[in-house]
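Examining the three-dimensional arrangement
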2 protein chains.
Amino acid sequence: MNKSTVSKENIRQKRTRDKVINLAMHALAKNPKASLNDIAEAAEVGRATLFRYFKSRKQLIHELVIEADNKLENATRPIVEKKLNARDTLEEFIKVLVPLGASFHFLNSEQLHSEGSGIDDLYSNQLMRLKELSIRLQAEKVVAANIPLAWIAVVLDNLIYAAWVTVLEGDIAPNDAPGLVLYSFLNGLSPH
Amino acid sequence: MNKSTVSKENIRQKRTRDKVINLAMHALAKNPKASLNDIAEAAEVGRATLFRYFKSRKQLIHELVIEADNKLENATRPIVEKKLNARDTLEEFIKVLVPLGASFHFLNSEQLHSEGSGIDDLYSNQLMRLKELSIRLQAEKVVAANIPLAWIAVVLDNLIYAAWVTVLEGDIAPNDAPGLVLYSFLNGLSPH
DNA sequence: CCCACATGATACACAAAAGTATCACAAAAA
DNA sequence: TTTTTGTGATACTTTTGTGTATCATGTGGG
């Protein structure tokens, strides 16, 4: 077994692994009670393959959480590094997070009734990003001073998730969603 | 078995039944995957008692859904009957719905991966109420005309749920919550 | 004080899901 | 073509959850 053999095999394995991770996350975001049968079917692999890549349901969930966190981290880090003002950072955050609604929601829902361990840290990462943004929004007076910090983060969180769901159900256009979230968050829904 | 005996026993039974229904709903709202063991524990009764009142998990869920719908219906009907304008109806809706977050969320989450039957109707009731209100809000120009109807309803839905969660976690005062929802919904979070 | 009865605990039968082992097949490498 | 290896299918065991039956206990009413 030489080097090239290893890498080529790894490519094939990596493909199925990625496929499983993505489709499994979607399936579990839709239905948190999905059995491994359901998940295998959704991921378009045999149930045996599931166990080849993840030794237990617990570990599968754990890796899904890690993957979700990575996706969110990779999406937001470049934005943070741009060092824009809070308002523009908010806009870019929303733009990248709405399409990641599955990861976003998955991470949020799994921590509550956490099936595994070590999840709390990752979830706090995610919450932390929104909390930090909230603090900046308030400091730079993008958000009114009298709004509780917790409320800012939770509204942002929920609007993003709501947008993702509404897009999925076909009720709003994918390209309209981020704008709606931003506008609703800043100005609400009443006419101005 | 005379009349008074019957009624007194009924009182005792009604107490445990109510207790079970309330605590079970909370438990399932927190964790949709809760087993009957978990539910019995949360409801502070033996598992056997659960089966005395509900012949199966399916029926338990079904009755919880009915109960949740009743709570929401009873809370909102008097408001509708007042025939206020849309803006004031909205305000009163929010006031009564935030504390009912458990019922609210339960009804929302159970329909997706519905464990039973007949749920769809009740959920549509619930959604219908918010949709109707959304239509009125737009007709009476409380909400801008260019906002998609689906978005209005989903934002309202999520803000109410978000408020309930945030109150539960102790991050905002129960009495502040409805005001925050109303304000955020209409005006957003930016200073004015 | 005694009786009726709701409850909790326990033990059990059964179903569904999780997890393991094996084999034949297909695709890609040799 | 032959070999290697990832995969799906299947059959199996173990574990967990659902649902049933029984009994002892405690409480509340007569």
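**Notes on unusual backbone geometry**
- At A:Lys141, a residue that is not glycine, the phi angle is positive and equals roughly 60°.
- Given a relative accessible area of 66%, A:Lys141 falls into the exposed group.
- Although it is not a glycine, B:Glu44 sits at a positive phi angle of roughly 60°.
- Along the chain, B:Glu44 turns up in the loop between helix H2 (36-42) and helix H3 (47-53).
- On the basis of relative accessibility, which here comes to 55%, the residue B:Glu44 falls in the exposed class.

**Overview of the confidence of the model for chain A**
Residues and elements named next belong to chain A.
- Residue-level pLDDT values for chain A average 87, and 88% of them are 70 or greater.
- At the level of individual helices and strands, chain A shows its lowest average pLDDT in helix H6 (residues 101-112), which scores 77, and its highest in helix H5 (residues 86-97), which scores 97.
- Note on residues 1-9: pLDDT under 50 across the span, and two contacts to partners over four residues away in sequence or across chains.

**Points about the packing of aromatic side chains**
Residue and element names in this part refer to chain A.
- Overall, the coordinates contain two aromatic pairs over all chains when judged by the stated rule.
- Relative to Trp-164, the ring of Tyr-161 has its centre 6.1 Å away and its plane inclined at 35°; by these criteria the two rings are tilted. Here Tyr-161 pairs with Trp-164, and both are found in helix H8 (residues 149-168), just three residues apart, close to one helical turn.
- Judged by relative accessible area, Tyr-161 falls into the partly exposed class, the value being 22%.

**Focus: the protein's contact with DNA strand C**
- DNA strand C sits among 21 residues. The nearest are A:Arg47, B:Thr16, B:Thr49, B:Arg52 and B:Tyr53.
- Between DNA strand C and A:Arg57 there is a distance of 2.7 Å, counted from a phosphate oxygen to a backbone nitrogen or oxygen.
- With respect to DNA strand C, the backbone of B:Gly46 contributes an N or O atom lying 2.9 Å from a phosphate oxygen.
- Of all the secondary structure elements, the ones that give two or more residues to the surface near DNA strand C are helix H1 (3-30) and helix H3 (47-53) of chain A together with helix H1 (3-30) and H3 of chain B.
- Here the residues of the surface near DNA strand C sort into six nonpolar, seven polar and eight charged.

Cut-offs applied
- Residues numbered from 1 in each chain as written.
- Chains lettered and ligands numbered in written order.
- Predicted model: local features only at pLDDT ≥ 70, side-chain atom pairs only at ≥ 80, totals over all residues.
- Heavy atoms only, no water.
- Buried < 20%, exposed > 50% of the residue type's maximum accessible area, 1.4 Å probe, protein only.
- Helix = DSSP H or I, 4+ residues; strand = E, 2+ residues; numbered from the N terminus.
- pLDDT = per-residue confidence, 0-100.
- Contact = heavy atoms within 4.5 Å.
- Phe/Tyr/Trp six-rings, centres within 6.5 Å; stacked < 30°, edge-to-face > 60°.
- Near = heavy atom within 4 Å.
- Polar contact = N/O pair within 3.5 Å; in protein donor to acceptor, adjacent residues only side chain to side chain.
- Nonpolar A, V, L, I, M, F, W, Y, C, P; charged D, E, K, R; others polar.

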